[in-house]
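Coordinates in review
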Amino acid sequence: MVVLPQPVTLDNHISLIPTYKPVPVLTSHSIPVVNLTDPEAKTRIVKACEEFGFFKVVNHGVRPELMTRLEQEAIGFFGLPQSLKNRAGPPEPYGYGNKRIGPNGDVGWIEYILLNANPQLSSPKTSAVFRQTPQIFREAVEEYMKEIKEVSYKVLEMVAEELGIEPRDTLSKMLRDEKSDSCLRLNHYPAAEEEAEKMVKVGFGEHTDPQIISVLRSNNTAGLQICVKDGSWVAVPPDHSSFFINVGDALQVMTNGRFKSVKHRVLADTRRSRISMIYFGGPPLSEKIAPLPCLVPEQDDWLYKEFTWSQYKSSAYKSKLGDYRLGLFEKQPLLTHKTIV
C-alpha cells in the first residue's frame, strides 16, 4: 500500500469530477501477455496490437530497483506541501497539474507531473519540477527513461520485423531522433471515498494516446480500464513488475488502421492511492505521419490524410479528452456517380 507523507488536498471542483459504476475485472489471461525473450514475441505483439491495441510485457529487461526508486521519488514529490508543488505548475503542458487535465475543461481525481523526456529540448516547467525535488529525483527520472526508451525501441523494431517494414528501425528511429517529442508522465490518484450507489470517481477520463507508443508502469493498485472491440470496458489487473504497452494514434495511422489506438481510462480506488508512470514515445514535430508505403502502396487505399506530428499535436491539444481526434484526419470516401437514365 502506498502511504504519502501527508494528506493530499484535491477539493477544488470535486462536484465536477465524473463517476462510473465499477466493471467486472477480467482474469489476467484475458489481457495479452508478451515475453520479450520469447522467439514468438514479435508475432504476439502484432496480434495484440491488432486485437486490443494493448498488451502486457514481461521479461522486459528494466531493473526493478529503477522502477521502485522512481515510484518512491514520485511519492515524495506528491507528498510535498501544496504550495511547493504549485511552484512547478500550472502545466504548459509540462510541469505540475492538479485536477485539471488539459485546457478544455476536463477534470479528474488526479495530480500529476509531465516532464520532457528529451534532454535536447529545454522546458522551463520541467526544470521547475526538478527545483522542488532533491537531485536523486532527477537522477531517478533520467535512469528510468534511459531504460524504458530501450523497451519502446525493441517493441517497435519487433513490430517492423513482423510486418516486413524496411529498414527495421523505421518506427524506432522516430523515438531515437534527437528532436523526438517524447515525455514522461507521473500520475498520482489519491484514494477516493466511495460515492452514492457504489459509484467511483474518475481519475483520468476515457481517451486515446496521440503518440506512437505508450509504455505504462504502475504500483499494485487497480484502476486502469481499456475499451475492447465490442465497446465494453474491462479492468486491467495491476502488476508493478511489468509494463503495459498502448498503441497510439500515430501508429494507428502508420498501419492504416490495422493497429488500433486503444481507448482507456482510470477510475480512482476507494481504498488506496495509485501511482503510475507513462513514457509517451512521439516523433519529431516536423515528422510526416501517414500510412507506410510498404504496407499501403497505393495512396487511394489510405484511410488517413498525411499530416505532421506538430499539426496533430496542436489539434489534439485543442480537443476535449474523449474526442475522436483522428476523425479530422480521415480521408473521405470517393463518391461514385451513377448515370440516371
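In case you missed it, the structure is sitting above this.
Residues numbered from 1 in each chain as written. Predicted model: local features only at pLDDT ≥ 70, side-chain atom pairs only at ≥ 80, totals over all residues. Heavy atoms only, no water.

Topic: the overall build of the protein
For the protein, the count of helices and strands is eight helices and 15 strands. Of all 341 residues assigned to the protein, the portion counted as buried reaches 53%. Looking at the protein as shown, the accessible area adds up to about 16,300 Å², and 52% of this sits on carbon and sulfur atoms. (Helix = DSSP H or I, 4+ residues; strand = E, 2+ residues; numbered from the N terminus. Buried < 20%, exposed > 50% of the residue type's maximum accessible area, 1.4 Å probe, protein only. Areas by Shrake-Rupley, 256 points an atom, 1.4 Å probe, with all protein chains shown as cover.)

Examining the packing of helix α2 (residues 64-78) against helix α5 (residues 135-163)
Viewed as axis vectors pointing N to C, α2 and α5 meet at an angle of 140°, and their least axial separation amounts to 9 Å. In terms of orientation, α2 lies oblique with respect to α5. Between α2 and α5 lies a crossing whose hand is left-handed. Facing L66, M67, R69, L70, E73, A74 and F77 of α2, the residues of α5 in contact are I136, F137, E139, A140, V141, E143, Y144 and E147. Residue classes in the contact of α2 with α5 are distributed as ten nonpolar, no polar and five charged. (Axes fitted to C-alpha atoms, helices over the stretch in contact; angles between N-to-C directions. Parallel < 35°, antiparallel > 145°, perpendicular 65-115°, else oblique. Left-handed = near helix turned anticlockwise from the far one by under 90°. Contact = heavy atoms within 4.5 Å. Nonpolar A, V, L, I, M, F, W, Y, C, P; charged D, E, K, R; others polar.)

Remarks on the environment of S182
Structurally, S182 can be placed in the loop between α6 (172-176) and β6 (183-189). Between the alpha carbons of S182 and I212 there is a distance of 9.6 Å; along the sequence they are 30 residues apart. For S182, the contacting residues outside a window of four places in its chain are Y94, N116, A117, N118, Y279, F280, G281 and G282. At 2.7 Å, the side chain of S182 forms a polar contact with the side chain of S180. (Polar contact = N/O pair within 3.5 Å; in protein donor to acceptor, adjacent residues only side chain to side chain.)

Re α5
An ideal rise of 1.5 Å per residue puts 42 Å on 29 residues; α5 measures up with 43 Å between its terminal C-alpha atoms. Just downstream of α5, G164 is the residue with a positive phi angle, here 75°. (Expected span 1.5 Å × (residues − 1).)

Quick word on the pattern of salt bridges
Enumeration over the complete set of coordinates arrives at 19 salt bridges. One salt bridge connects R258 with E50, and the closest N-O pair in it is separated by 2.5 Å. Of this pair, R258 sits in the loop between α7 (249-254) and β12 (264-267) while E50 sits in helix α1 (residues 41-51); the two residues are 208 residues apart in sequence, bridging distant segments of the chain. The exposure class of E50 is partly exposed, given its relative accessible area of 25%. In this structure, E147 engages R63 in a salt bridge whose closest nitrogen and oxygen atoms are separated by 2.7 Å. With a gap of 84 residues between them, E147 in helix α5 and R63 in the loop between β3 (54-58) and α2 connect regions that are remote in the sequence. Look at E147 and you get buried, because its relative accessible area is 17%. (Salt bridge = Lys/Arg side-chain N within 4 Å of Asp/Glu carboxyl O.)

From the geometry alone we can't say anything about function, so treat these as descriptive.
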